[in-house]
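Okay, here's what each chain looks like letter by letter:
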Amino acid sequence: MRRVMASAPVEEAPAPAGEPRTERPKLRTEFAFELPRGYVDDEGKVHHSGVMRLATARDELIPLRDDRVRENSAFLTVVLLARVVTRIGDITDVHAGIIENLFASDLAFLQDMYRRVNSEGHTRAGVACPECGHSFVVDVAGGRLGES
């Protein structure tokens, strides 16, 4: 027998006197990217743009049961990225075969992006000009030059 308990709606605590109430920003779950080199499909078409979604706990657990990962732990990256990359160019059925055929620089890019969006929650990185030393922030997810 299950017991069901009803409760009243939970209200947010009021903001302290004199402080404006701030709303939490909307959770961003998808991140667009531009591959440095691009995925070349079977017809020779190069796909550069894509989308990665936030990973769930399930996304990180299921690959651990994959036989390919059990045989070679380096394959974990391929299986995990195949779960969270939802589109590369026109391709919406992204699977391990596509990820393992990316150029090494594109795979490294996606690994870094995965770490940034799932650990840090954004795709921005602080960089410095190698000539003048001026520091600034760039969005490593890509985009076209001049876009913000």
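Look up: the structure comes first, before these words.
From a predicted model like this one, the values you see are computed outputs, not experimental measurements.

*Asks:* For this particular structure, what's the right way to read helix 5 (residues 104–120)?
*Replies:* Spacing of three or four residues puts side chains on the same side of an α-helix, whose turn is 3.6 residues. The end-to-end C-alpha separation of helix 5 is 23 Å, in line with the 24 Å expected for 17 residues at 1.5 Å each. Those residues of helix 5 not exposed but buried are Asp 106, Phe 109, Leu 110, Met 113, Tyr 114, Arg 116 and Val 117.

*Asks:* Just checking my understanding: could you explain the pattern of salt bridges for this structure?
*Replies:* Opposite charge on two side chains allows them to pair when their charged atoms are near. Applying the stated criterion across every chain yields a total of six salt bridges. With a closest N to O distance of 3.0 Å, Arg 83 and Asp 59 form a salt bridge. Residue Arg 83 is found in helix 3 (residues 76–84), and its partner Asp 59 is found in helix 1 (residues 57–61); the two are separated by 24 residues along the sequence. According to the relative accessible area criterion, Asp 59 is buried, its value standing at 1%. A salt bridge links Asp 112 to Arg 115, with the nearest nitrogen and oxygen atoms 2.6 Å apart. Of this pair, Asp 112 and Arg 115 both sit in helix 5, three residues apart, which is roughly one turn of that helix. The class for Arg 115 is partly exposed, based on a relative accessible area of 36%. Residues joined by salt bridges that share partners form a network here, namely Arg 53, Asp 59 and Arg 83.

Here is what the cut-offs are and how they apply
- Here the residue numbering is sequential within each chain, running from 1 through the sequence in written order.
- For a predicted model such as this one, the threshold for reporting local features is a pLDDT of at least 70, and the threshold for listing and counting side-chain atom pairs is 80 or more; totals across whole chains, interfaces and linings nevertheless cover every residue.
- Side-chain numbers here rest on the full set of heavy atoms in the structure, without hydrogens or water.
- Numbering of helices and strands runs from the N terminus; a helix is a DSSP stretch of H or I covering at least four residues, while a strand is a stretch of E covering at least two.
- Expected helix span is computed as 1.5 Å times (number of residues minus one).
- Summary of the burial criterion: residues with accessible area below 20% of their type's maximum are buried, those above 50% are exposed, and those between are partly exposed, where the area comes from a 1.4 Å probe applied to protein chains only.
- The term salt bridge refers to a side-chain nitrogen of Lys or Arg lying within 4 Å of a carboxyl oxygen of Asp or Glu.

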